[in-house]
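# Examination of the molecular architecture
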Amino acid sequence: MADAYVAIEGDRVIEARARAPGTARGELVFTTAYTGYEESLTDPSYEEQVLTFSYPLIGNYGVREERFESDRVHPRAAVAREMTDDVAEWLESEGVPAVDHLDTRDIVTEIRDEGAMKCGIAAGPDVTEQDALDELHECKHMSDHTDIGAQVSVDEVEVHNEGGDGETVALVDCGAKGSIVSSLVERDAEVHVFPYNASEDDVAAVDPDLLFISNGPGDPENFEQAGELVETYVGDVPLAGICLGQQVVANALGGETEKMEFGHRGVNQPVRDLRSNQVVMTTQNHGYTVADPGDKLDVTQINVNDDTPEGLENDDLNIITRQYHPEANPGPHDSLGFFDDVLGMAGE
Ligand SMILES: NC(=O)CC[C@H](N)C(=O)O
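Residues numbered from 1 in each chain as written. Predicted model: local features only at pLDDT ≥ 70, side-chain atom pairs only at ≥ 80, totals over all residues. Heavy atoms only, no water.

Taking an unreviewed UniProt entry as the reference, the protein is identified by name as Carbamoyl phosphate synthase small chain belonging to Haloarcula mannanilytica. Among the UniProt annotations of the protein, the heading Subunit (unreviewed entry) holds the following wording: "Composed of two chains; the small (or glutamine) chain promotes the hydrolysis of glutamine to ammonia, which is used by the large (or ammonia) chain to synthesize carbamoyl phosphate. Tetramer of heterodimers (alpha,beta)4." Here the protein is described in UniProt, under the heading Sequence similarities (unreviewed entry), as follows: "Belongs to the CarA family." (UniProt positions renumbered as here; feature names shortened; annotations may be inferred.)

Right under this line is the structure:
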């Protein structure tokens, strides 16, 4: 007897086994990452989503806090073919529903055919199919979470590596992964982490060498204040961005973003650098993309699978952004040099 249900668009209900109880709703997405479940589950970019792992066994090397990317689990629920007790207990302690013993190949195929979709989850001894359907019917489109930044950002400025020898970085926290901060600190930067809605004056007070817009959940068009900072500082201070950061920078400088069919989520997304012609393997987690970079940004890197922009640059204005996650937690370390490049640009 099933004790968990996943309801997807079209009111289809899939039976499953409850691993952590509760009800939840969110945008149903999948990652093909085969390691890094702790990092993925604590990545703030997954806020308001339900994360399906296409890799069939999740939890086989335990749960260790040192691998967390933030202080809580961000997906609204987790779905896997088989979850170990370690992961199930962790998710239960976080109040995040989890289900397994369902055919995740079916879910992934459905998302690939129909696109990322709304879903509702109900798990536990007393739930019914109707509970999952009720959640589904309450689910909002990702773009309708208009103040999602408030759910994931710091409330007040945090300073890391104060007095560090390197560059001063103003990192706008739209839902930043912890390893973006540590990648900068490891390179001696003094990092001021600002709330997602920081003002021009807040940022000016630290006289930054680099304005850095972080990754984050949802639609980049809902991060207007970060875009205003980009408009204010472009040309005066070098600019960097990762994932949502690339999208915010592009939107602010005359470009356009759009929702993708089902996005890129995994740790082996191939990216070609158009200047060197080198291909690197990258970690990705995004559902929006830059559709038009505008006339200030050059596309310098593209995704080998679908040609979408993976890197935008302007050498005169000192801008470097990446759609993928160079901090590589989890994932291959091919692109860590990004942090040297942006800090080098900041130091010029
Ligand atoms: N990892 C991210 O920053 C994700 C960016 C954005 N929320 C997207 O889905 O495209």
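## With respect to the pairing of strand β14 (residues 239–242)
With burial as the criterion, each face of β14 is covered, one bearing Leu 239 and Gly 241 and the other bearing Ala 240 and Ile 242. Across three bridges, the pairing between strand β13 (residues 210–213) and β14 is parallel. In the strand pairing of β14, Leu 211 is matched with Leu 239. The parallel pair β13 and β14 is bridged by helix α8 (residues 224–233), and the resulting crossover is right-handed. Summarising the sheet, β14 and strand β19 (residues 319–322) pair through four bridges and their orientation is parallel. When the sheet's bridge partners are listed, Ile 242 is paired in β19 with Arg 322. (Buried < 20%, exposed > 50% of the residue type's maximum accessible area, 1.4 Å probe, protein only. Helix = DSSP H or I, 4+ residues; strand = E, 2+ residues; numbered from the N terminus. Pairing = 2+ DSSP bridges. Right-handed = clockwise from strand over helix to strand, strands pointing away.)

## A few points about the sheet that holds β19
Ordered by their spatial adjacency, ten strands build an open sheet running β10-β12-β11-β13-β14-β19-β18-β17-β15-β16, and the pairing between neighbours is mixed. Sheet topology places β10 (158–160) and β16 (279–292) at the edges, where each strand pairs with a single neighbour. The mean angle between the axes of side-by-side strands here comes to 20°, regardless of whether they run parallel or antiparallel. One ladder, built from four bridges, connects strand β18 (residues 309–314) with β19; its direction is antiparallel. From the neighbouring strand, Leu 312 faces β19, where its bridge partner is Thr 321. Strands in contact with helix α9 (residues 244–252) are β13, β14, β15 (256–273), β16, β18 and β19; relative to β16, the strand with the most contacts, it is inclined by about 40°. Across the sheet, helix α10 (residues 337–347) is in contact with β11 (168–173), β13, β14 and β19; its angle to β13 comes to roughly 145°. (Axes fitted to C-alpha atoms, helices over the stretch in contact; angles between N-to-C directions. Contact = heavy atoms within 4.5 Å.)

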